[in-house]
Amino acid sequence: MELSRHPTTVYQAVAAQLEQALHERYRCGDYLPSEQQLADHYEVNRHTLRRAVDELVNKGLLQRRHGIGILVLMRPYDYPLHAQARFSQNLLEQGSHPTSERLLAVLRPASKDVASATGVTEGNNVIHLRTLRRVNGVPVCVINHFLPDLSWWPLLQRFNSGSLHDYLFLNTGKHLVRTQTRISTRRAQAKECKQLEIALQSPLLCVRTLNTTTDGAMAEYSVSLTRGDMIELTLEH
């Protein structure tokens, strides 16, 4: 393999070729060969190879996992925001394998923010679910769902995985529609770092969404904390 041997450009040349290989042969959730195997392939020493990998880590394409290897991220996934936007279906269409699992299901007194969003009285109970979404096995976002209709509680205690909105439609006949989306950013805190397997203070997209049923009844207020290196939001007009 022909690479420039100028000391300031060798690792950049390796990084460029490795990035091309990522797009051609890898998908999010794959692991690269060992550093030694990569160094042998590109005919450079391990120090140069590490610098090349660091370049792609900084670009959000790779992630080092201590004791495991180098994880391929391949950001960003495109996620359009509109009334009918569906996370799972959108990623399936991009050739990925999204999954969702329940982390928490409790009845909880509504905070001031949750009460304002859902229209319940502050302190009254709402259903609180927390779910973790992965793409090809890589954690992408944690979502806190707040639902004011307590008649759904027996049903939602049995929800464990998959699309929450699909589950509600199949079991209640209610179709949820996005009516408002608010987007901000913040840094990841310790608990979120553990759930999303990211470094402390990593950037997160905070997406607050209101969903109603088709007859206009308030159904869900959700707060999604999404890895900023994995998702690109598209506002459709």
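Rules of the game
Throughout, residues of each chain are indexed from 1 in the direction in which the sequence is written. With pLDDT at 70 or above as the cut-off, local features in this predicted model cover only qualifying residues; side-chain atom pairs require 80 or more to be listed or tallied, and sums for whole chains, interfaces and linings still use all residues. The basis for every side-chain value is the complete set of non-hydrogen atoms in the structure, without hydrogens or water. Salt bridge, as used here: a side-chain nitrogen of Lys or Arg that lies within 4 Å of a carboxyl oxygen of Asp or Glu. In DSSP terms, a helix is any run of H or I states spanning at least four residues, a strand is any run of E spanning at least two, and both are numbered starting from the N terminus. Three exposure classes are used, based on accessible area relative to the maximum for each residue type with a 1.4 Å probe and protein chains only: buried under 20%, partly exposed in between, and exposed over 50%. At least two DSSP bridges between two strands are required for those strands to pair. To define axes, lines are fitted to C-alpha atoms, for helices over the stretch in contact only, and angles between the resulting N-to-C directions are given on a 0 to 180 degree scale. Each angle is binned into one of four classes, with values under 35 degrees roughly parallel, values over 145 roughly antiparallel, values of 65 to 115 roughly perpendicular, and all other values oblique. The contact definition used throughout considers only heavy atoms, calling two residues in contact when any of these lie within 4.5 Å. Any residue outside Ala, Val, Leu, Ile, Met, Phe, Trp, Tyr, Cys, Pro, Asp, Glu, Lys and Arg is labelled polar, Gly included; the first ten of those are nonpolar and the last four are charged. In this description, a nonpolar core means a group of buried Ala, Val, Leu, Ile, Met, Phe, Trp, Tyr and Cys residues linked to one another through side-chain atoms lying within 4.5 Å.

Draft legend 1. The pattern of salt bridges, seen in detail. Under the defined criterion, the tally for this structure stands at 10 salt bridges. A salt bridge links Glu-35 to Arg-50; the nearest nitrogen and oxygen atoms lie 2.9 Å apart. In this pair, Glu-35 is assigned in helix α2 (residues 35–42) and Arg-50 in helix α3 (residues 46–58), connecting sequence segments 15 residues apart. For Arg-134, the salt bridge goes to Glu-101, with nearest N and O atoms at 3.3 Å.

Draft legend 2. Seen up close, the pairing of strand β9 (residues 218–227). The buried count for β9 comes to nine of 10 residues, which makes it a mostly enclosed element. As paired strands, strand β6 (residues 138–147) and β9 are joined by six bridges and run antiparallel to one another. Each bridged residue has a counterpart across the sheet, and for Cys-141 the counterpart in β9 is Thr-226. When strand β8 (residues 203–213) meets β9, the two strands line up antiparallel, connected through nine bridges.

Draft legend 3. Fine view of the packing of α2 against α3. It is the contact of α2 with α3, at a shortest axis distance of 9 Å, that shows an interaxial angle of 100°. Between α2 and α3, the angle is such that the two are roughly perpendicular. Of α3, the residues touching α2 (which contributes Glu-35, Gln-36, Leu-38, Ala-39 and Tyr-42) are Arg-46, Leu-49 and Arg-50. For the contact of α2 with α3, the per-class residue count stands at four nonpolar, one polar and three charged.

Draft legend 4. Local environment of the nonpolar core. By size, the foremost hydrophobic cluster in this structure holds 19 residues, and its most contacted members are Leu-18, Leu-22, Leu-32, Tyr-42, Leu-49, Leu-56 and Leu-62. Every element with two or more residues in this core is listed here: α1 (10–25), α2, α3 and β2 (69–72). Sort the elements by how many residues they give to this core and α1 lands first, with six residues. Sequence-distant contacts of Leu-49, defined by excluding residues within four places in its chain, comprise Val-14, Glu-35, Leu-38, Ala-39, Tyr-42 and Val-44.

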